[in-house]
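Results of the structural survey
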Amino acid sequence: MKKAESNDGLTPSQLISDHIAELADWRGKSMTRLRKLILAADPDIVEEWKWGTPVWSHGGNVVAAGAFQDHVKVNFFKGASLPDPHGLFNAGLEAKATRAIDLHEGDKINEPALKELIRAAVAFNRSGSKKK
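Remember, it's a predicted structure, so these values are computed and weren't measured experimentally.

Here is what the cut-offs are and how they apply
Residues numbered from 1 in each chain as written. Predicted model: local features only at pLDDT ≥ 70, side-chain atom pairs only at ≥ 80, totals over all residues. Heavy atoms only, no water. 1 Å grid on protein atoms, 1.4 Å probe; cavity = no way out; pocket = protein on both sides within 12 Å on 5 of 7 lines; lining within 4 Å. Points joined across faces, edges and corners; volume = space filled by probe spheres on them. Helix = DSSP H or I, 4+ residues; strand = E, 2+ residues; numbered from the N terminus. Nonpolar A, V, L, I, M, F, W, Y, C, P; charged D, E, K, R; others polar. Buried < 20%, exposed > 50% of the residue type's maximum accessible area, 1.4 Å probe, protein only. Phe/Tyr/Trp six-rings, centres within 6.5 Å; stacked < 30°, edge-to-face > 60°. Arc of directions from axis to C-beta. Pairing = 2+ DSSP bridges. Axes fitted to C-alpha atoms, helices over the stretch in contact; angles between N-to-C directions. Parallel < 35°, antiparallel > 145°, perpendicular 65-115°, else oblique. Left-handed = near helix turned anticlockwise from the far one by under 90°. Contact = heavy atoms within 4.5 Å.

1. Some details on empty space enclosed by the protein
Inspection of the entire model under this criterion finds one cavity of 30 Å³ or more. Its boundaries defined by the atoms lining it, the largest cavity holds a volume of some 30 Å³. As for the largest cavity, its lining consists of Asn61, Val62, Phe77, Lys78, Leu82, Ala121, Phe124 and Asn125. Counting residues per element, the ones that place at least two in the lining of the largest cavity are β4 (61-67) and α3 (111-127). Here the element with the most residues in the lining of the largest cavity is α3; it accounts for three residues. Partitioning the lining of the largest cavity into residue classes produces five nonpolar, two polar and one charged.

Set out below in structure tokens:
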């Protein structure tokens, strides 16, 4: 994993770790698991801190994760252009470019399918494609 520096002295990875540590409930556990899956899916993915949220990029923004009161959102920046054979996307289905996965307490993550989706997003970024 490559690292980028933020302007306040903390690396984005440290900011993400601090953010997750502040989530003392199931959301923190979900975010920890999501982070591990994202990093495992692509060893060259870069952790960034943008718009007050964790973002992972490789050749452009790939995915962001955010904790909300009743769910954790995994947002794929170019999700509308990605195949989703496992039907993971369940939010933002009408958006022009993005697609998201909302996880609620007790939801099980289809880990192999999520890794596949992350790899597809990275491949899409690297291809320079604009559409499906």
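2. Some words on unusual backbone geometry
Of note, Trp51 is a non-glycine position whose phi angle comes to about 55°, a positive value. Mapped onto the secondary structure, Trp51 falls in the loop between β2 (46-50) and β3 (53-57). A relative accessible area of 63% places Trp51 in the exposed class.

3. As for the packing of aromatic side chains
Evaluation of the coordinates by the stated rule reveals two aromatic pairs. Ring geometry for Trp51 against Phe77: centres 6.0 Å apart, planes inclined by 45°, an arrangement best described as tilted. Residue Trp51 is found in the loop between β2 and β3, and its partner Phe77 is found in the loop between β5 (72-76) and β6 (99-103); the two are separated by 26 residues along the sequence. With relative accessibility at 17%, the residue Phe77 sits in the buried group.

4. Here's the deal with helix α1 (residues 12-21)
Turning to α1, its buried residues are Pro12, Ser13, Leu15, Ile16, His19 and Ile20. The arc that holds the buried residues of α1, viewed along the axis, is 160°, so those residues lie on one side.

5. What about the pairing of β3?
On any regular strand, side chains alternate: one points to one face of the sheet, the next to the other face. When you tally the buried positions in β3, you get five out of five residues, the bulk of the element. The two faces of β3 match: Thr53, Val55 and Ser57 on one face and Pro54 and Trp56 on the other face are all buried. A loop of two residues connects β2 with β3, the two strands running antiparallel in sequence, and Trp51 in this loop sits at a positive phi of about 55°. Strand direction decides the pairing type here: β3 and β4, joined by three bridges, are antiparallel.

6. Here's the deal with the packing of helix α2 (residues 26-41) against α3
Following both chains from N to C, one finds α2 and α3 inclined at 55°, their axes separated by 9 Å at the closest point. By the angle class used here, α2 and α3 are oblique. Judged by the twist between their axes, the crossing of α2 over α3 is right-handed. Taken together, the residues of α3 that come into contact with α2 (itself represented by Arg33, Leu34, Leu37, Ile38, Ala40 and Ala41) are Glu111, Leu114, Lys115, Ile118 and Arg119. Grouping the constituent residues of the contact of α2 with α3 by class yields seven nonpolar, no polar and four charged.

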